[in-house]
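What follows is the residue order along each chain.
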Amino acid sequence: MSHVETETAGQPECWRRAARVAVDRAAALPTTGERIAVVGCGTSYYMAQAYASLREESGQGESDAFAASEFPFGRRYDRVVALTRSGTTTEVLDLLLRLRGTTATLAVTADPAAPVVQAADEVVVLDFADERSVVQTRFATTALTLFRAHLGLHREEAVRDAETALAEPLPEGLAACTQFSFLGRGWTVGLANEAALKMKEASLSWTESYPAMEYRHGPISIATAGTATWMFGTAPRGLAEQVRATGARWVESGLDPLADLVRVQRLAIARALAQGLDPDRPRHLTRSVVLGGAAGA
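What you are looking at is a predicted structure, and each value in this text was computed from that prediction instead of being measured.

J.: Just checking my understanding: could you explain the overall build of the protein for this structure?
T.: Each helix and strand in the protein was counted, giving ten helices and nine strands. Since a compact globule built from 297 residues should have a radius of gyration of about 19 Å, the 19 Å found for the protein is in line with a globular shape. For the protein, the spread of C-alpha atoms along the three principal axes comes to 55 × 40 × 40 Å. Here the contacts in the protein between residues at least 6 apart in sequence split such that 71% fall between residues at least 24 apart.

If you want it as structure tokens, here you go:
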């Protein structure tokens, strides 16, 4: 069994532990009313999008999300939150060091010995969710569960839904689709973006992701027999029927959206193995991007 299969299967227990960490480390996490920016790279950036949207939607403060390399230094924030599994990513470290002494920073990482521990003012370590696979699964969802719990938005039902997502077989024929479009609304747009990335990384699949209401504005033209459109959360009225009318497959589960992401992780692994690919070591990728010299060079 690959590392990523084992790590994907361990998510329910990681989520339960993350909910407890949210209580134990509440003082380190953003407080209601703070204006924050959440940054990351790759998967961590998409989890940042989901968290920022959840926090602002719940009325707990203005919240923006940026790829670490695109942070707008001209804006003022009460706190910058950095997500980084390895704690070694160049763009994240450069950003935190540049903010030192001017803006409060918090890093959420999996490695208590990583350089980010010294670069950030506060650190929350989720070492129980660390991974050996290059492809992120449980660290990303565990970090988002930490934030959901801190916001008061995590429920045990989400964990049970994750267990369901792991136990039930994937829909028959889904792995044979030739193209996947992932859709979300609000915080689940970040999940849709992450789903598309996961499928690309692990299985070299042709994927796209969009806010659900934008899908009608052009992207639906790609829908046809043999393609799949996957909705995270509740779909806009009439969209499922429009997609089915194209001949494409419509996918929605009724599970908690974060648990539904677990189904995508499983699909990505299944497609990788079916093609003889190593889902732990996607081509051209490493566990962390560490650049020589300045990140922007």
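J.: Help me understand the sheet that holds strand β9 (residues 249-251), please; the structure alone is not making it clear to me.
T.: Picture the strands of a sheet paired through backbone hydrogen bonds; they go either parallel or antiparallel. Read across the open sheet, the four strands follow the order β7-β6-β8-β9; overall the sheet is parallel. For this open sheet the edge positions go to β7 (207-211) and β9, each flanked by a neighbour on one side alone. Taken pair by pair, the neighbouring strands of this sheet meet at an average axis angle of 20°, ignoring direction. As judged from the three bridges shared by strand β8 (residues 227-231) and β9, these two strands associate in the parallel manner. Considered in β9, the bridge of Thr229 is made with Trp250. Contacting β6 (179-184) and β7, helix α8 (residues 188-203) runs over the sheet at an angle of about 160° to β6. Across the sheet, helix α10 (residues 257-274) touches β6, β8 and β9, and the angle it forms with β8 is around 155°.

J.: Would you take a moment to explain the nonpolar core for this structure?
T.: Across soluble globular proteins, nonpolar side chains have a tendency to be buried as a group. Formed by 60 residues in total, the largest nonpolar core has its most connected members in Val108, Val124, Leu144, Leu146, Phe182, Leu191 and Phe232. Dropping the residues within four chain positions of it, Leu191 is found in contact with Met47, Ala50, Leu144, Phe232, Pro257, Leu258 and Leu261. With 19 residues, the next largest nonpolar core counts Val39, Val80, Ala114 and Ala120 among its residues.

J.: What exactly am I supposed to notice about the sheet that holds strand β1 (residues 36-40) here?
T.: Across the sheet, five strands lie side by side as β2-β1-β3-β4-β5; this open sheet has parallel pairing. Sheet topology places β2 (63-67) and β5 (122-125) at the edges, where each strand pairs with a single neighbour. Here the average twist between neighbouring strands, direction ignored, is 20°. Together, β3 (79-84), β4 (104-109) and β5 form the strand contacts of helix α6 (residues 138-150), whose direction differs from that of β4 by roughly 135°.

J.: Please explain unusual backbone geometry as it appears in this structure.
T.: Trans is the common state for peptide bonds, and a negative phi is the common state for residues other than glycine. With a phi angle near 55°, Leu204 is a residue other than glycine that sits in the positive phi range. Note on placement: Leu204 falls in the loop between α8 and β7.

J.: Explain the pattern of salt bridges to me, please; I cannot follow it from the model alone.
T.: For side chains bearing opposite charge, pairing can occur when the charged atoms are close. Throughout the structure, instances matching the rule amount to 14 salt bridges. A salt bridge links Arg16 to Glu163; its shortest N-O distance comes to 3.1 Å. Here the residue Arg16 occupies a position in helix α2 (residues 11-24), and Glu163 occupies one in helix α7 (residues 156-167), the gap between them amounting to 147 residues. Judged by its relative accessible area of 23%, Arg16 falls in the partly exposed class. Under the relative-accessibility criterion, Glu163 is labelled partly exposed at 34%. A salt bridge links Asp260 to Arg263, with the nearest nitrogen and oxygen atoms 2.8 Å apart. One end of the pair, Asp260, and the other, Arg263, are both in helix α10, three residues apart, so they sit about a helical turn from each other. The class of Asp260 is buried, set by a relative accessible area of 1%. Judged by its relative accessible area of 11%, Arg263 falls in the buried class.

J.: Can you walk me through α8 in this structure?
T.: Note that an α-helix has 3.6 residues per turn; residues three or four places apart therefore point the same way. Taking 1.5 Å per residue as the helical rise, α8 with its 16 residues ought to reach 22 Å, and the 22 Å between its terminal C-alpha atoms agrees with that figure. Burial analysis of α8 places 15 of its 16 residues in the buried class, which makes it a mostly covered element. Of the residues trailing α8, Leu204 is marked for its positive phi of about 55°.

So, how was this worked out
- Residues numbered from 1 in each chain as written.
- Predicted model: local features only at pLDDT ≥ 70, side-chain atom pairs only at ≥ 80, totals over all residues.
- Heavy atoms only, no water.
- Helix = DSSP H or I, 4+ residues; strand = E, 2+ residues; numbered from the N terminus.
- Rg over C-alpha atoms; globule rule 2.2 N^0.38 Å.
- Contact = heavy atoms within 4.5 Å.
- Pairing = 2+ DSSP bridges.
- Axes fitted to C-alpha atoms, helices over the stretch in contact; angles between N-to-C directions.
- Core = buried A, V, L, I, M, F, W, Y, C linked by side-chain atoms within 4.5 Å.
- Buried < 20%, exposed > 50% of the residue type's maximum accessible area, 1.4 Å probe, protein only.
- Salt bridge = Lys/Arg side-chain N within 4 Å of Asp/Glu carboxyl O.
- Expected span 1.5 Å × (residues − 1).

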